[in-house]
Amino acid sequence: MMKNAFFEFIGLLGYDDDIAHKMAALFDSLTGDRKLFGEFLLKECDGDEESLASLFHADFEDDELALNYWVVSYLFDNLIEYYRDDYKIDYDNLSEYISEQIGQTFQVSYEEYNKIHRQNNQFNVFSDDFITSFRYVCQQLENQSEFTLLHVLSGNDDVNYFVIDKANKPRLFTLADELGLVVE
């Protein structure tokens, strides 16, 4: 059941069936018998004894973002291409990435975001964080195209953005809930 849901999740992110099947099998092992995921960690991710011990002791029910950490840091980083940055987003690189993904020119800038953010948030000018920035980029993308962004949280101070079809967003949120992944 989880394997099928993760397969669908990866497909709706825009990746082909071959990679979705491989990732679904690994996700299934991560959430169940972690042996296959441990082998993947050693072979593909330069895993060491410490990361293996951490994997086998991870408690996904106690830590809301523990599963996300493993999915983002190992599955996504090693098997697919997406936009990853730290919380101080490089707007030029993000604009270029989105333009490539949607097949048309797309441009956002920190200066424009900052101007809009300050106008809309006059009393809290210090709340310049990546969540409001994410919402700004989403709004601009949705206004200019049939696409939006999905952010898969990792539990670290990074951003992990996927350009998705706007129509797929509700289903992706439903699947994320079923899978125990935290997304926005």
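## Here we look at a negative patch on the surface
No. 1: Where like charges cluster on the molecular surface, the negative patch consists of Glu81, Asp90, Asp92, Glu96, Glu100 and Glu111.
No. 2: With 3 residues, helix 6 (residues 91–102) is the single largest residue contributor to the negative patch.
No. 3: Summarising the element assignment, Asp92 is placed in helix 6.

## Things to note about the confidence of the model for the chain
No. 1: Here the chain shows a mean pLDDT of 88. Residues at 70 or above account for 93%.
No. 2: For the chain, the element scoring lowest by mean pLDDT is helix 7 (residues 110–120), at 76; helix 9 (residues 169–179) scores highest, at 96.

## Let's talk about the packing of aromatic side chains
No. 1: According to the stated counting rule, one finds 15 aromatic pairs in the structure shown.
No. 2: Judged by centre distance (4.2 Å) and plane angle (5 degrees), the rings of Phe6 and Phe27 are stacked. Linking Phe6 in helix 1 (residues 2–12) with Phe27 in helix 2 (residues 17–31), this pair joins segments that are 21 residues apart in sequence.
No. 3: Using a relative accessible area of 0% as the deciding quantity, one classes Phe6 as buried.
No. 4: Ring centres 6.4 Å apart and planes at 85 degrees place the aromatic pair Tyr15 and Phe162 in the edge-to-face group. One end of the pair, Tyr15, is in the loop between helix 1 and helix 2; the other, Phe162, is in strand 3 (residues 158–165), and 147 residues separate them in sequence. For the pair Tyr15 and Phe162, a shared accessibility class is recorded, and that class is buried.
No. 5: The ring of Phe60 carries the charged tip of Arg34 above its face, separated from the ring centre by 4.4 Å.

## Considering the packing of helix 1 against helix 5 (residues 66–79)
No. 1: Where helix 1 meets helix 5, the closest approach of the two axes is 15 Å, and the angle between their N-to-C directions is 65 degrees. In terms of their interaxial angle, helix 1 and helix 5 are classed as roughly perpendicular. In this structure, helix 1 meets helix 5 at a crossing whose hand is right-handed. Of the residues in helix 5, those touching helix 1 at Phe6, Phe9 and Ile10 are Val71, Leu75 and Phe76.
No. 2: Class assignment for the residues of the contact of helix 1 with helix 5 results in 6 nonpolar, no polar and no charged.

Rules and cut-offs
- Residues numbered from 1 in each chain as written.
- Predicted model: local features only at pLDDT ≥ 70, side-chain atom pairs only at ≥ 80, totals over all residues.
- Heavy atoms only, no water.
- Patch = residues over 30% accessible without salt bridge, like charges linked within 9 Å, V, L, I, M, F, W, Y side chains within 5 Å.
- Areas by Shrake-Rupley, 256 points an atom, 1.4 Å probe, with all protein chains shown as cover.
- Salt bridge = Lys/Arg side-chain N within 4 Å of Asp/Glu carboxyl O.
- Lys, Arg positive; Asp, Glu negative; His and termini not counted.
- Charge placed at Lys NZ, Arg CZ, Asp CG, Glu CD.
- Helix = DSSP H or I, 4+ residues; strand = E, 2+ residues; numbered from the N terminus.
- pLDDT = per-residue confidence, 0-100.
- Phe/Tyr/Trp six-rings, centres within 6.5 Å; stacked < 30°, edge-to-face > 60°.
- Buried < 20%, exposed > 50% of the residue type's maximum accessible area, 1.4 Å probe, protein only.
- Lys NZ or Arg CZ within 6 Å of the ring centre and 35° of its normal.
- Axes fitted to C-alpha atoms, helices over the stretch in contact; angles between N-to-C directions.
- Parallel < 35°, antiparallel > 145°, perpendicular 65-115°, else oblique.
- Left-handed = near helix turned anticlockwise from the far one by under 90°.
- Contact = heavy atoms within 4.5 Å.
- Nonpolar A, V, L, I, M, F, W, Y, C, P; charged D, E, K, R; others polar.

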